[in-house]
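Here's the letter readout for the chains.
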Amino acid sequence: QMQLVESGGGLVQAGGSLRLSCTASGSISSIHFMSWYRQAPGDQRGWVATITSDGSTNYADSVKGRFTISRDNVKNTVYLQTSSLKPEDTSVYYCNAATGLTRYWGQGTQVTVSS
């Protein structure tokens, strides 16, 4: 059972940036998809970005050009570098690991963007 721990969230002014980290309890080198999702109060959890095991990346339109996902297989960590943050980016951000039929979720880290 892999555990994922997110960190790096916090309170930031609009236009600012944060780097979120997701550290796994085991090796992520063979994990096909590492992703970030987010969920605002009253909303469903939504997909933000994914990085594949070969380094390919995809982003939701709402964050494209502002967020960058990356992975460090030596540190078993996935990052989400956020920039030009907007109040509507305020959410709990969750890390997800997916390989085959197996899915793992972290507990989330809160990002709050003030206007």
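Refer to the structure presented above.
Residues numbered from 1 in each chain as written. Predicted model: local features only at pLDDT ≥ 70, side-chain atom pairs only at ≥ 80, totals over all residues. Heavy atoms only, no water.

Peer 1: Explanation requested: the overall build of the chain in the structure shown.
Peer 2: Helix and strand counts for the chain stand at 0 helices and 11 strands. Its C-alpha atoms give the chain a radius of gyration of 13 Å, within 12% of the compact-globule value 13 Å for 115 residues. Each of the 115 residues in the chain was classed as buried or not, and the buried ones make up 43%. Distance from the positive charge centre (9 side chains) to the negative charge centre (7 side chains) of the chain: 3 Å. (Helix = DSSP H or I, 4+ residues; strand = E, 2+ residues; numbered from the N terminus. Rg over C-alpha atoms; globule rule 2.2 N^0.38 Å. Buried < 20%, exposed > 50% of the residue type's maximum accessible area, 1.4 Å probe, protein only. Lys, Arg positive; Asp, Glu negative; His and termini not counted. Charge placed at Lys NZ, Arg CZ, Asp CG, Glu CD.)

Peer 1: Looking at this structure, I do not really get the environment of isoleucine 31. What am I missing?
Peer 2: Locating isoleucine 31 in the fold gives a position in the loop between β3 (18–24) and β4 (33–39). Sequence separation of isoleucine 31 and serine 53 is 22 residues, and the distance between their C-alpha atoms is 6.1 Å. Excluding residues within four positions of it along the chain, isoleucine 31 makes contact with Met2, Ser53, Arg71, Ala97, Ala98 and Thr99. (Contact = heavy atoms within 4.5 Å.)

Peer 1: Explanation requested: the nonpolar core in the structure shown.
Peer 2: Within the largest apolar cluster, 28 residues are counted, with the highest numbers of intra-cluster contacts made by Trp36 and Leu80. Contributing elements (two or more residues each) for this core: β3, β4, β5 (46–52), β7 (67–72), β8 (77–82), β9 (91–99) and β11 (109–114). (Core = buried A, V, L, I, M, F, W, Y, C linked by side-chain atoms within 4.5 Å.)

Peer 1: I'm lost on the state of the cysteines in this one. Help?
Peer 2: Every disulfide links exactly two cysteines, by a covalent bond between their sulfur atoms. Scanning all chains against the criterion turns up 1 disulfide. The disulfide partner of cysteine 22 is cysteine 95, and the S-S distance across this bridge is 2.1 Å. What sets the handedness of the cysteine 22 and cysteine 95 disulfide is the S-S torsion sign, and at about -75° it is left-handed. Residue cysteine 22 is found in strand β3, and its partner cysteine 95 is found in strand β9; the two are separated by 73 residues along the sequence. Residues cysteine 22 and cysteine 95 agree in their burial class; the two are buried. (Disulfide = S-S within 2.5 Å.)

Peer 1: Hey, could you run me through the sheet that holds strand β1 (residues 4–7) in this one?
Peer 2: Either a parallel or an antiparallel arrangement is found when strands of a sheet pair, and the pairing is made through backbone hydrogen bonds. In spatial order, the strands read β1-β3-β8-β7; together these 4 strands make up an open sheet with antiparallel pairing. Strands at the two margins of the open sheet, each flanked by one partner only, are β1 and β7. Going across the sheet, the axis of each strand differs from the next one's by a mean of 15°, ignoring polarity. Where β7 and β8 come together, 6 bridges link them in antiparallel fashion. Its bridge partner being in β8, threonine 68 is matched across the sheet by glutamine 81. (Pairing = 2+ DSSP bridges. Axes fitted to C-alpha atoms, helices over the stretch in contact; angles between N-to-C directions.)

Peer 1: Hey, could you run me through the side chain of arginine 71 in this one?
Peer 2: Along the polypeptide, arginine 71 turns up in strand β7. Despite its burial, arginine 71 pairs with no opposite charge, the nearest such side chain being aspartate 54 at 7.3 Å. Among the polar contacts listed, one links the side chain of arginine 71 to the backbone oxygen of isoleucine 28, at a separation of 2.6 Å. At 3.4 Å, the side chain of arginine 71 and the backbone oxygen of isoleucine 31 are in polar contact. Look past the residues within four positions of arginine 71 in its chain and what remains in contact with it is Ile28, Ser29, Ile31, His32, Met34, Ile51, Thr52, Ser53, Thr77 and Val78. (Salt bridge = Lys/Arg side-chain N within 4 Å of Asp/Glu carboxyl O. Polar contact = N/O pair within 3.5 Å; in protein donor to acceptor, adjacent residues only side chain to side chain.)

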